[in-house]
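Examining the three-dimensional arrangement
Okay, here's what each chain looks like letter by letter:
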Amino acid sequence: MIYLRSIALKEAGGEGYPFSTPLLRSFTHLNFSAPVTVFCGDNGCGKTTLIELIAAKARAERIGPPRGALTEGQARIRRAVDAFRAARAGTPSRCFLFTAEGFSKYVDYVVAEKRYARGELEALSGLYGSDYARDLASQPYQGTLAALDALYAAPLEEQSHGQGFLDFFRSRLLPGGLYLMDEPEAALSYINQLALIYLILDAVKAGSQFLIATHSPILAACPQAALLEMEERTLTPKAYDELSNVQFLKYFLGAHAHIFEED
């Protein structure tokens with residue numbers, strides 16, 4: 001299913017960020033024709049800005065603490081979305097933006113919520129003479145702990161960063177969603193990046209759409225994904241073997257023994 005069909009600039013871009021990024025300087029429109037679209041390109045080309053802008057236009061939930069403060073760059077993107085229009089087909093069951101930084105803050109939030117709930121339960125233990133009254137008062141905090149523990153296979157704070165990434169995706173990639181990801185490979189080994197592809201493919205079969213900004217040649221190999229690479233201020237459709245990061249990785253693996261040799 002393709003929920004977001006296109007995004008286009010409907011009026012002249014403004015000054016400063018985000019319009020100053022290489023990609024948005026020449027941006028006019030972008031169509032989405034596949035359930036998985038992968039954005040590739042070097043640091044600073046505007047991949048993250050584009051993902052953030054699309055997420056803001058789609059009113060995506062930002063994975064992180066509820067009501068978390070936006071950075072200045074994110075706030076500027078929010079103010080810029082009125083210059084764009086989006087064509088949609090249907091309404092996804094859920095829509096979120098996942099970033100490595102946001103996920104780290106989300107784990108901190110979960111830990112803090114659990115700590116607060118346990119502290120309140122301990123404080124309640126000596127306040128009521130009646131077991132019934134104490135049980136009633138403790139229900140909200142017991143509910144918080146139960147809800148957070150039920151989301152994941154193991155507490156996120158007890159898992160490695162990469163394990164937490166995968167556990168999050170296993171739990172939260174529900175059918176019929178629109179999911180935006182900025183460098184989701186950040187904490188994942190190569191094998192776990194492959195595992196993420198299988199989770200994405202399962203979600204696609206269940207009617208989901210993905211927009212992914214990545215440096216990973218593994219994620220870019222997602223079957224039937226539309227691959228777009230930032231090239232001379234333009235997003236250019238590419239075949240997998242034409243991607244710069246794929247070509248460089250092949251070169252490096254073949255020449256690594258000689259790259260660091262002194263003349």
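Quick caveat, the model's predicted, so the values are computed rather than measured.

**Some remarks on the packing of aromatic side chains**
Counting across every chain of the model gives 17 aromatic pairs. Each ring, one from Phe248 and one from Tyr251, has its centre 6.1 Å from the other, and the planes form 50°; the classification is tilted. Residue Phe248 and its partner Tyr251 are both found in helix α8 (residues 244–259); the two are separated by three residues, about one turn of the helix. The exposure class of Phe248 is exposed, given its relative accessible area of 52%. Chaining the aromatic ring pairs together yields one cluster made of Phe96, Phe98, Phe103, Tyr106, Phe165, Phe168, Phe169, Tyr179 and Phe210.

**Re the sheet that holds strand β1 (residues 4–9)**
Read from one edge to the other, the open sheet built from three strands follows the order β2-β1-β5, with strand pairing classed as antiparallel. The sheet is open, and its two edges are formed by β2 (29–31) and β5 (84–88), each paired on a single side. When strand polarity is set aside, the average angle formed by the axes of neighbouring strands in this sheet is 15°. Across five bridges, β1 lies against β5 in antiparallel orientation. Looking at β5, one finds that Leu9 is bridged to Phe84.

**Some words on helix α6 (residues 161–172)**
Compared with an ideal rise of 1.5 Å per residue, which puts twelve residues at 16 Å, α6 spans 16 Å between its outermost C-alpha atoms and is within 8% of the ideal. Looking at α6, one finds that the buried residues are Gly162, Gly164, Phe165, Leu166, Asp167, Phe168, Phe169 and Arg172.

**Considering the sheet that holds strand β8 (residues 209–213)**
Strand-to-strand pairing in sheets goes through backbone hydrogen bonds, with the strands running parallel or antiparallel. Sheet architecture is open: seven strands sit in the order β4-β6-β7-β8-β3-β9-β10, paired in mixed fashion. Looking along the sheet, the strands with just one partner apiece sit at the ends: β4 (61–62) and β10 (234–237). Across two bridges, β4 lies against strand β6 (residues 94–99) in parallel orientation. Pairing of Arg62 across the sheet is with Leu97, part of β6. Strand contacts of helix α2 (residues 47–57): β3 (36–40), β4, β6, β7 (177–182), β8 and β10, with the helix running at about 155° to β7, the strand carrying the most contacts.

How each quantity is defined
- Residues numbered from 1 in each chain as written.
- Predicted model: local features only at pLDDT ≥ 70, side-chain atom pairs only at ≥ 80, totals over all residues.
- Heavy atoms only, no water.
- Phe/Tyr/Trp six-rings, centres within 6.5 Å; stacked < 30°, edge-to-face > 60°.
- Helix = DSSP H or I, 4+ residues; strand = E, 2+ residues; numbered from the N terminus.
- Buried < 20%, exposed > 50% of the residue type's maximum accessible area, 1.4 Å probe, protein only.
- Pairing = 2+ DSSP bridges.
- Axes fitted to C-alpha atoms, helices over the stretch in contact; angles between N-to-C directions.
- Expected span 1.5 Å × (residues − 1).
- Contact = heavy atoms within 4.5 Å.

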